[in-house]
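Architecture and fold: a report
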Amino acid sequence: MTLTRRNFLAGASAAVLAGPAIIGRAQAADPIRFVSILDQSGGLDIYGKPMVDTTRMAVDEINAAGGLLGREVELKVYDPQSSIQFYTQYATQAAVGDKADVVHAGITSASREAIRPTFSRYQTLYFYNVQYEGGVCDLNNFCTGSTPAQTVEKLVPHTMNKWGKKVYIVAADYNYGQITAQWVRKFVADNGGETVETEFFPLDVTNFGPTIKKIQAAKPDMVMSALVGGAHVSFYRQYAAAGMNRNVPIASTTFGVGNEHKLISAAEGDGMICAYSYFEEIDTPANRDFVARFKAHRGEGAPGLNELATRSYEGAWLWAEAVKQAGTAERMPVIEALRAGLSYNGPSGRVTIDPKTNHARQNVYLAELKNQTFDILEVHEDQPPADTLLVCDLVADPNQSVFMFENGLEAAGIEM
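Remember, predicted model here, so these are calculated numbers, not experimental data.

Now for the overall build of the chain. When its secondary structure is counted, the chain shows 16 helices and 17 strands. The buried share among the 416 residues of the chain stands at 58%. Long-range contacts, defined as pairs at least 24 residues apart, comprise 71% of the intrachain contacts of the chain with a sequence gap of at least 6. For the chain, the computed accessible surface area is about 15500 Å², with 49% contributed by carbon and sulfur atoms.

The following block contains the structure:
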């Protein structure tokens, strides 16, 4: 079931205000309620659609194997249409109206921070399966995506050694882009480089002509991109049209997690280098099997797989394994099971929940784009979320429920 604002509004008020007999916790024979809130329209749908596809696949596989604890997992999917307002509405519906046992939701950091307090308030277990800037410290929230200390810390020195020390940064103008740019500047300086300029762009910007002229004038050795969303794909097309991709190469902390490499031509994208916890091209039996099963499940027109899509699948299975170990779908026993060193061997490799941060220890892959596919260059196994570990210790203080990006930057010696 996919719900949009139109059919949501028709029943949301009644559901939220319904009596206890209607919205009470599920009895033993009732399904376990799994809610997904991910953009399937609007500028962020390039990320959300594959994430929903792999979430459906995971739930279908769980149910085909007999469900959990003898109960079916019931999936409900909301489309917030790349709107923070709809995110907050659907978060309340999931927690209060649907009485979800778990919610997997959010793409941008802005959407995560709009809904995270709602899930904490209503004690609804929350998974955020997206690579992000780090810093969330919340017992109720599990962040399975990669953070800058896991990926950007590998990407910056590799590309500087390959291309040169002068770096020009272009990034999205919200939490993710701003904070990731800070981390990039730190890693550039740590490796003896110079950040010649940093520019930020709202998510709806499509004209990058003036910036490309500035890059030409600045003569950097490379561009580091932390651009986000469908509109920002225009940058790569315009950059190549100006002939810049032949002279000043690009590394990116975001390119490819929305399958952008399939949207632009090989000539426009060849040579770009990225680092993530997953690429479809990982050559292992587990990943080859996963890709084949996904294509069979999704059928004709199956999208490419990337970190966001695959971590949505692995996040669902991490939760399912925790439910099995806990012997219940109730929130606190599942949280305790997740934090007891729970691991899942998935297509990206071994993923383990770090109990101090509720983040994932995971493999990181460095890859170069060639003819619309990624060629794996390096593998870094079992990388900890070192940036978030600087500011978060849920073992010592489980009552933390904050987003501490400023503290994290300060702890890393980064000036705000």
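In the structure shown here, the tally under the stated rule is 16 aromatic pairs. Here Tyr-128 and Tyr-132 contribute two aromatic rings whose centre-to-centre distance is 5.6 Å and whose plane-to-plane angle is 85°, an arrangement assigned as edge-to-face. Accessibility classification places Tyr-128 together with Tyr-132 in one group, the buried group. We note Arg-112 situated over the ring of Tyr-128; from NZ or CZ to the ring centre the distance is 5.0 Å. It is Arg-112 that lies over the ring of Phe-403; its NZ or CZ is 4.8 Å from the centre.

What follows covers helix H14 (residues 331–338). Those residues of H14 lying buried are Arg-331, Val-334, Ile-335, Ala-337 and Leu-338. Looking down the long axis of H14, one finds its buried residues gathered within 160° of arc, a one-sided arrangement. Buried positions along H14 lie against strand S5 (125–128), strand S7 (141–143), helix H13 (307–326) and strand S14 (349–354).

Turning our attention to the confidence of the model for the chain. Taken over all residues, the pLDDT of the chain has a mean of 91, while the share at 70 or more is 90%. Of the regions scoring below 50 in pLDDT, residues 1–28 engages in 44 contacts with residues more than four places distant in sequence or in other chains.

Another point: the pairing of strand S3 (residues 73–78). Within S3, five of the six residues are buried, leaving the element largely enclosed by the surrounding structure. Between strand S2 (residues 32–37) and its parallel partner S3, the chain crosses via helix H3 (residues 45–64), and the hand of that crossover is right-handed.

Residue pairs three or four apart in sequence face the same way in an α-helix, which turns once every 3.6 residues. All of the buried residues along helix H9 (residues 233–241) are Val-233, Ser-234, Phe-235, Tyr-236, Tyr-239 and Ala-240. Contacts made by the buried residues of H9 are with strand S8 (166–172), helix H8 (209–218), strand S10 (222–226), strand S11 (250–252), helix H10 (260–263) and helix H11 (266–269). Directly beyond the C-terminal end of H9, a positive phi value near 75° is found at Gly-243.

Parameters and conventions
- Residues numbered from 1 in each chain as written.
- Predicted model: local features only at pLDDT ≥ 70, side-chain atom pairs only at ≥ 80, totals over all residues.
- Heavy atoms only, no water.
- Helix = DSSP H or I, 4+ residues; strand = E, 2+ residues; numbered from the N terminus.
- Buried < 20%, exposed > 50% of the residue type's maximum accessible area, 1.4 Å probe, protein only.
- Contact = heavy atoms within 4.5 Å.
- Areas by Shrake-Rupley, 256 points an atom, 1.4 Å probe, with all protein chains shown as cover.
- Phe/Tyr/Trp six-rings, centres within 6.5 Å; stacked < 30°, edge-to-face > 60°.
- Lys NZ or Arg CZ within 6 Å of the ring centre and 35° of its normal.
- Arc of directions from axis to C-beta.
- pLDDT = per-residue confidence, 0-100.
- Right-handed = clockwise from strand over helix to strand, strands pointing away.

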